[in-house]
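Structure assessment
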Amino acid sequence: MKSITSIKLAALISNGSPVQLIDVREPYEHEVFNIGGTLIPLMEITKNIELIEKEIPVVIYCRVGVRSQIAIQRLQDKFPFHNLLNLAGGMEAWKIQFPL
């Protein structure tokens with residue numbers, strides 16, 4: 001499974017590189033803090049396949065990186081995705097690198 005660090009993701013975003021962000025946390029977690037990703041909770045990820053880009057990098061994230069790994073595994077098991085990246089350390093790592 002491919003992953004990306006918070007620092008590399010922030011660089012992609014600031015450079016305007018094409019990238020899709022998907023947050024697989026629960027709605028209440030997304031409301032408290034998010035980085036602008038599309039909210040698709042883990043349990044709904046395979047039901048919302050049409051929302052996931054196929055041609056650009058897609059960074060999937062959660063609180064610490066476990067649910068996002070599960071989401072990527074589920075997607076890759078059922079569909080021919082080759083563009084999915086796990087945000088290493090999730091939002092907790094992001095907050096360490098970029099404190100509020």
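Residues numbered from 1 in each chain as written. Predicted model: local features only at pLDDT ≥ 70, side-chain atom pairs only at ≥ 80, totals over all residues. Heavy atoms only, no water.

1. Observations concerning the sheet that holds strand β5 (residues 84-87)
- Taken together, the five strands give an open sheet; going across it, the order is β1-β5-β4-β2-β3, and neighbouring strands pair in parallel fashion. Each having just a single partner strand, β1 (3-4) and β3 (38-39) make up the two edges of the open sheet.
- Summarising the sheet, strand β4 (residues 58-61) and β5 pair through three bridges and their orientation is parallel. The residue of β5 that forms the bridge with I60 is N86.
- Across the sheet, helix α3 (residues 66-78) touches β4 and β5, and the angle it forms with β5 is around 165°. (Pairing = 2+ DSSP bridges. Helix = DSSP H or I, 4+ residues; strand = E, 2+ residues; numbered from the N terminus. Contact = heavy atoms within 4.5 Å. Axes fitted to C-alpha atoms, helices over the stretch in contact; angles between N-to-C directions.)

2. Points about helix α4 (residues 90-97)
- Where α4 is concerned, the buried positions are G90, M91 and W94. All buried residues of α4 project into a common sector of 105° when viewed along the axis, lining one side.
- Contacts from the buried residues of α4 go to α1 (6-15), β4 and β5. (Buried < 20%, exposed > 50% of the residue type's maximum accessible area, 1.4 Å probe, protein only. Arc of directions from axis to C-beta.)

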